[in-house]
Amino acid sequence: MKIVRIFANHLFSFHFKDEIENSLKRVLRQWEDPEYIYKFLKENAADIKPGKSIAELTNEIMEDSRFIIDSILKIIDSDEANLDHFFKPLDNNEYRIHELSRRKGRQSVLRLYAIRIESNIYVITGGAIKLPLQHLMEDRTHTQKELIRLNTAKDYLKNNGIFDEDSFFEFLNEIS
Amino acid sequence: MSTKKEKFLKLVSEDTSNTVEWMKERQRNRSLYRFSGKLALAILHRLEQLNWTQTRLAEEMGVTKQQVSKWVKGKENFQIETILKIGEVLKMQLIEVPQSSFGIHSIKETDTLVSPYDESYNIYERTQEIPLNTMLVAEPEENYQVNCTF
């Protein structure tokens, strides 16, 4: 398990052990694969709103993935790159910023998951297709796996001293 | 004493796969990826209608299964000949040069262009001009809207 730099000192991605690519590239590659998406949607058809065809939704997901690529590149190319607007708290009830907060970037049914290190510094852990009739991440296996990845990533950061209380007190010592 | 950010940066490796450049390549070649993706989707959908496996398509086409797998993953830069042959084998129209390309620059009411998998999905607004000889994924010979409940 390692962390790779995607862009400057702002955007990073985990590269989990036994996976060929870093998490960002892995999910973007999945989301541009019609066969993967089509199969996924057939397996999870019960979570699709009535009236929407599998093929139509597959095409929409590929377009949404392109939109995510455009959004990330736009942020990267701007003079004041700021990812804070893209990654929102995973927990909708997170009203104050937690240390190593679990975050999500979203475009329609697509979710890109990340850990917030501090303002404008994020490490991507993975991503998922979260369909309209699915409510909680715990409710489906594929999003459960993403929760595990988020928590594993958070533990990894904590175990490597990227935690808060110590860092916070170090920070206090530095400024005192 | 190091701050949290400094501690974090010590854990970071460089991205040897250059993900940003990979994304930029996807953006630069957007039309190609979009077209290949739509063709892939049309093939997948048709296979399901016919109850054919990818292996069957490979046999009918005289290509390897790996080749078909590449098609349905949207990874193929299709040759026109290949697209036409797939269309023949699957009995569907995958591309068409619209009549409006022969000197008429604006798409008319009668020239509605639709994707192969959703007749309500217009690729172009009807009033939008398109270049001459533009090839588009066009209307299939039969409507194959999928019911999402399967």
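Small disclaimer: the values here were computed from a predicted structure and weren't measured.

Turning to the overall build of chain A, a few remarks are in order. Along its length, chain A carries 5 helices and 6 strands. Reading chain A from its N end, one meets helices and strands in the order β-β-α-α-α-β-β-β-β-α-α. Taking 16 Å as the expected radius of gyration for a compact globule of 176 residues, we find that chain A reaches 17 Å, a close match to that expectation. For chain A, the C-alpha atoms occupy an extent of roughly 60 × 35 × 35 Å along the three principal directions. Here chain A holds 176 residues, and the buried ones make up 40% of them. In chain A, 46% of the contacts between residues at least 6 apart in sequence involve partners at least 24 apart.

Moving on, we get to the sheet that holds strand E1 (residues 12–14) of chain B. Strand order in this open sheet of 7 strands is E3(A)-E4(A)-E5(A)-E6(A)-E2(A)-E1(A)-E1(B), and the pairing throughout is mixed. Looking at which strands have only one partner, the edges of the open sheet turn out to be strand E3 (88–89) of chain A together with E1 of chain B. In this structure, strand E4 (residues 102–107) of chain A lies alongside strand E5 (residues 110–118) of chain A, joined through 6 bridges in antiparallel fashion. Along E5 of chain A, the bridge assignment pairs Gly105 of chain A with Leu112 of chain A. Where helix H1 (residues 23–31) of chain A meets the sheet, it contacts strand E1 (2–7), strand E2 (11–15), E5 and strand E6 (121–129) of chain A, and its direction lies at approximately 30° from that of E6 of chain A.

Tracing the backbone through its elements, the reader meets Phe8 of chain B in helix H1 (residues 4–9). Phe8 of chain B gets classed as buried once you count the C-beta atoms within 10 Å, which come to 22. Those residues within four positions of Phe8 of chain B in sequence are excluded, and the remaining contacts are Ile117 and Ile162 of chain A.

Now for the confidence of the model for chain B. All names here are of chain B. Looking at chain B, pLDDT values average 76 and 67% of them are 70 or higher. Of all secondary-structure elements in chain B, the lowest mean pLDDT belongs to strand E4 (residues 118–122), at 39, while helix H4 (residues 54–61) reaches the highest, 97. Note on residues 110–136: pLDDT is under 50 here. Beyond four places in sequence and across chains, it has 55 contacts. Across residues 138–150, where pLDDT falls below 50, the model places 29 contacts with residues more than four positions away in sequence or in other chains.

Reading guide: rules and limits
- Residues numbered from 1 in each chain as written.
- Chains lettered and ligands numbered in written order.
- Predicted model: local features only at pLDDT ≥ 70, side-chain atom pairs only at ≥ 80, totals over all residues.
- Helix = DSSP H or I, 4+ residues; strand = E, 2+ residues; numbered from the N terminus.
- Rg over C-alpha atoms; globule rule 2.2 N^0.38 Å.
- Buried ≥ 20, exposed ≤ 12 C-beta atoms within 10 Å, placed from the backbone.
- Contact = placed C-beta atoms within 7 Å.
- Pairing = 2+ DSSP bridges.
- Axes fitted to C-alpha atoms, helices over the stretch in contact; angles between N-to-C directions.
- pLDDT = per-residue confidence, 0-100.

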